[in-house]
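Below, each chain spelled out in residue letters.
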Amino acid sequence: MAVAETQLYAKVSNKRRSKSASALLESLLAKGFPAHIAQKALAATGQKTTEDAAKWLHSHCNDPSLDDPIPQEYALYLCPTGHLHNHLQEFWKESKRQCGKNRAHEVFPHITLCDFFTCEDQKVELLYDTLKRVGDNFSQSFPPFISLSLHSSTSYLGFFVGDSHANILKDFALAFSSEASALADCHVKPCLKQLHLTLAHKFYPHHQKTLEQLAKCINPGETCQWVAALYSRDMRFVHYQTLRALFQYKPQNIDELMINTGDFVYVDPTQQSDVSEGWVIGTSHRTGCRGFLPENYTERANESDTWVKHREYVFVTASRLLTQTENEPNVKLNGGVHNPSMSRSVTNVLSLQNAALRRGVLVMRHGERVDQVFGKSWLQQCLTADGKYYRADLNFPSTLPKRKDSVKHFECDPPLSCCGIFQSKLIGEALLDQEVAVSYVYSSPALRCVQTAQHVLQGLKLDQKVKIRVEPGLFEWTKWEASRVIPNFMTVTELAEASYKIDTSYRGNFPLSSLVPSESYEEYISRSSAVIKQIITACPSKGKGVILIVGHGSSLASFTRPLIGLPARDSSDFAQAVRKIPSLGMCFCEEIKEENKWQMVNPPVKTLTHGANAAFNWRNGIMED
């Protein structure tokens, strides 16, 4: 393709197919919207169509910040398309599956040219003009391909741009920033340090080798068309978590948030400490409204999922239109040469790793407990005047197990609700469907945990084959006990007499008497680390059997992190993470015996999500006018 044709293609591909921003604004003004609000809607939707902006305005009619003069933040990224982009997306998916989410997963593959800056809503169109003008000026000098070399460290993995090509990109970024700053009266800072395309960032050091193997499957010399794209985000929610709604939720109280399936919700982690368990408070991206919503109706989304692409400039060069032959460029890893054609595919990497897997440890939180539904005074609701238990609601258990001491001890050691029993059996059945071979079961001494273990085993059809080992060391952080004393648990003998399949010969690593009320966080972490190591040692390593541990929300972090070699979280971060773990939430670790280590992988089954079902009084709901 001749140079003139290349330039013509670039210009044609960058013509805006929609009306100009001024025409869009006039259309909105004609509909009666105030100018500043109309401009805000256009900036928030990428200034594409009047319909998009009008829809945004109608959705935000109750947004308390609608009149606030808060501009969007903008960034200029160079993004790959074509085969290279597809391979990068494959890496994104596979690295997340094998090693969990890291910071790189929050944003799509890109090279940052100009980091985020603010621009007043009425001046955004000047940024578009600048991008097109600067793009036209650099279309001839833009490199036919961009040289990328793989670089790896204990917390970063990515491609560094070669110096000669990086200089051209930096000149492009500098030209854009200079012109945009002058025309749009905003401070745009170009990236003039080492340009890079990040593959993984802030991952755990023991994942470095796996990530490197996956990265070597990427050929950076693949056919690629590079696009300079201008994105925006809402600057108010930069440090928030982004959640995606899995289901619709209709508010039942005035302080709750209406969400539709697929909605995004911004949540400030620092504002969740006083929120009721199972709920979060957040702001809807779609409506701008704020309120409470059930956390199990959502999942974590990526930071960039709510960003808006405004305009892009496509660089088209002649040599990139040619099909590559067998002369593939080598990928350099920190100075070493690696030929992608000789690398193992992602599938081979997976098969090699799976071949080394041995034992598994499945750590699970107990099912729904009665006080989670009916409050701390649940027992008072179902005791007669003479102290006998009766079922005040169908979600109360039909009976309570017999114990020698007072029934009032169930207040601090509550049983599962009927829904909790159903949840536990359902998880057991799902594990059976996945052919998960559970060889050992350990449970916290809390009744809700023992019951969960029992019903999971029933779902697995193993309740007559595998017995439950009650381990006091698995009890949760005692600082969280409201009574400030260790609950009076049912004894192993009482549990066995109540028809729970208990291993009465098992002697725990931590006797009940060793549990200290209001223990420090360090004491709890030390206890958890010791008990998981003792459990692993006590279970023979032959075969591929799974060790099931039924504990509390805190168990998922406190038992798995020392197992896979991670340090404990900060106590405040730990508390924030624990409160988000639902009933029957689980983590799964598998042993790589050849490397003498454990790694965390996806649990064999999904967790169970369901909505609230409030109490119903037919007299109030039907009879009264």
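On a predicted model such as this, the values are computed, not experimentally measured, just so you know.

What counts, and at which threshold
Residues numbered from 1 in each chain as written. Predicted model: local features only at pLDDT ≥ 70, side-chain atom pairs only at ≥ 80, totals over all residues. Heavy atoms only, no water. Helix = DSSP H or I, 4+ residues; strand = E, 2+ residues; numbered from the N terminus. Contact = heavy atoms within 4.5 Å. Salt bridge = Lys/Arg side-chain N within 4 Å of Asp/Glu carboxyl O. Phe/Tyr/Trp six-rings, centres within 6.5 Å; stacked < 30°, edge-to-face > 60°. Buried < 20%, exposed > 50% of the residue type's maximum accessible area, 1.4 Å probe, protein only. Lys NZ or Arg CZ within 6 Å of the ring centre and 35° of its normal. Axes fitted to C-alpha atoms, helices over the stretch in contact; angles between N-to-C directions. Left-handed = near helix turned anticlockwise from the far one by under 90°. Nonpolar A, V, L, I, M, F, W, Y, C, P; charged D, E, K, R; others polar. Core = buried A, V, L, I, M, F, W, Y, C linked by side-chain atoms within 4.5 Å. 1 Å grid on protein atoms, 1.4 Å probe; cavity = no way out; pocket = protein on both sides within 12 Å on 5 of 7 lines; lining within 4 Å. Points joined across faces, edges and corners; volume = space filled by probe spheres on them. Domains from an automatic or database assignment. pLDDT = per-residue confidence, 0-100. Polar contact = N/O pair within 3.5 Å; in protein donor to acceptor, adjacent residues only side chain to side chain. Pairing = 2+ DSSP bridges.

Describing the overall build of the protein
Scanning the protein from N- to C-terminus turns up 17 helices and 20 strands. In the protein, 77% of the contacts between residues at least 6 apart in sequence involve partners at least 24 apart.

Thoughts on the pattern of salt bridges
Going through the model one piece at a time under the given rule, you end up with 22 salt bridges. Lys123 is the salt-bridge partner of Asp185, the closest N and O atoms lying 3.6 Å from each other. In this pair, Asp185 sits in the loop between helix 7 (163-183) and strand 5 (196-201) while Lys123 sits in the loop between strand 2 (111-119) and helix 6 (124-138), placing the two residues 62 residues apart along the sequence. Among the ionic pairs, Lys376 bridges to Asp371, the shortest N-O distance being 3.4 Å. Among the charged side chains, a salt-bridge network with shared partners connects Glu73, Arg103, Arg233 and Glu303.

Considering the packing of aromatic side chains
As enumerated under the stated definition, the model contains 30 aromatic pairs in all. Between Trp477 and Trp480 the ring centres are 5.1 Å apart and the planes differ by 55 degrees, which places this aromatic pair in the tilted class. A residue is classified by how much of its surface remains accessible, and Trp480, at 33% relative accessible area, is partly exposed. In textbook terms, an aromatic cluster arises when at least three aromatic residues are bridged by ring pairs, as seen for Tyr77, Phe108, Phe116, Tyr231 and Trp307. One residue, Arg311, lies across the ring of Tyr128, its end atom 4.2 Å from the ring centre. Directly above the ring of Phe410 sits Arg403, whose terminal nitrogen or CZ lies 5.0 Å from the centroid.

Structural notes on the packing of helix 6 against helix 7
As a packed pair, helix 6 and helix 7 sit with axes 9 Å apart at the nearest point and diverge in direction by 145 degrees. Once helix 6 is placed against helix 7, the crossing between them reads as right-handed. Along the contact surface, helix 6 presents Leu126, Leu127, Thr130, Leu131, Arg133, Val134, Gly135 and Phe138, while helix 7 presents Ile168, Asp171, Phe172, Ala175, Phe176, Glu179, Ala180 and Leu183. Considering only residue class, the contact of helix 6 with helix 7 consists of 11 nonpolar, 2 polar and 3 charged.

Re the nonpolar core
Counting 52 residues, the largest nonpolar core has Leu78, Leu199 and Trp226 as the members making the most contacts within it. What Trp226 contacts, discounting residues up to four positions off in sequence, is Leu78, Cys79, Pro80, Leu84, Ile111, Phe142, Ile146, Leu148, Leu197, Tyr313, Val314 and Phe315. With 42 residues, the next largest nonpolar core counts Ala453, Val456, Leu515 and Val605 among its residues.

Concerning helix 3 (residues 35-44)
Burial within helix 3 is extensive, with 8 of its 10 residues counted as buried. Within the sequence span of helix 3, burial applies to Ile37, Ala38, Gln39, Lys40, Ala41, Leu42, Ala43 and Ala44. Immediately beyond the C-terminal end of helix 3, within one or two residues, lies Gly46, with a positive phi of roughly 85 degrees.

Description of the layout of surface pockets
Roughly 870 Å³ of internal volume is contained in the second largest pocket. Forming the walls of the second largest pocket are 29 residues, and the residues nearest its centre are Glu277, Arg369, Lys376, Glu476 and Trp480. Secondary-structure elements contributing two or more residues to the lining of the second largest pocket are helix 10 (370-374) and helix 16 (571-578). Take the lining of the second largest pocket: its biggest share by element is 3 residues, from helix 16. Counting the residues that make up the lining of the second largest pocket, at least three belong to each of domain 3 (241-306) and domain 4 (360-368 + 417-601).

Topic: the confidence of the model for the protein
Of the residues in the protein, 88% have a pLDDT of 70 or more, and the chain-wide mean is 86. For residues 1-18, every residue scores under 50 in pLDDT, and the model assigns this stretch 25 contacts once sequence neighbours within four places are set aside. Contacts for the low-pLDDT stretch residues 318-357, under 50 throughout, to residues beyond four places or in other chains number 75 contacts.

With respect to the environment of Thr287
In this fold, Thr287 is placed in the loop between strand 9 (279-284) and strand 10 (290-294). Under the relative-accessibility criterion, Thr287 is labelled buried at 9%. As for Thr287 and Ser59, which are separated by 228 residues in sequence, their C-alpha atoms are 5.0 Å apart. Ignoring sequence-local partners within four residues, the contact set of Thr287 consists of Ser59, His60 and Asp63. At 3.2 Å, the side chain of Thr287 and the backbone nitrogen of Cys289 are in polar contact.

Some remarks on unusual backbone geometry
Excluding glycine, a negative phi dihedral is what most residues carry, and trans is how most peptide bonds are arranged. One non-glycine residue, Glu435, lies in the positive phi region at around 60 degrees. You will see that Ser499, though not glycine, has its phi angle at about 75 degrees, which is positive. The topology assignment puts Ser499 in the loop between helix 13 (492-497) and helix 14 (521-538).

Focus: the pairing of strand 6 (residues 224-234)
In terms of burial, strand 6 is largely enclosed, as 10 of its 11 residues are buried. As defined by bridge partners, strand 1 (residues 72-82) adjoins strand 6 across 11 bridges and the pair is classed as antiparallel. Note on strand 6: the bridge partner recorded for Tyr74 is Ser232. Two elements, strand 6 and strand 12 (residues 308-314), share 6 bridges in a ladder whose sense is antiparallel. Of the residues in strand 12, the one forming a bridge with Tyr231 is Lys309.

Considerations on the sheet that holds strand 8 (residues 264-267)
Spatially, 5 strands are ordered 10-9-8-7-11 in an open sheet, and the strand pairing comes out antiparallel. Of all strands in the sheet, those bounded by a partner on one side alone are strand 10 and strand 11 (298-300). Each adjacent strand pair in this sheet contributes to an overall mean axis angle of 45 degrees, direction not counted.

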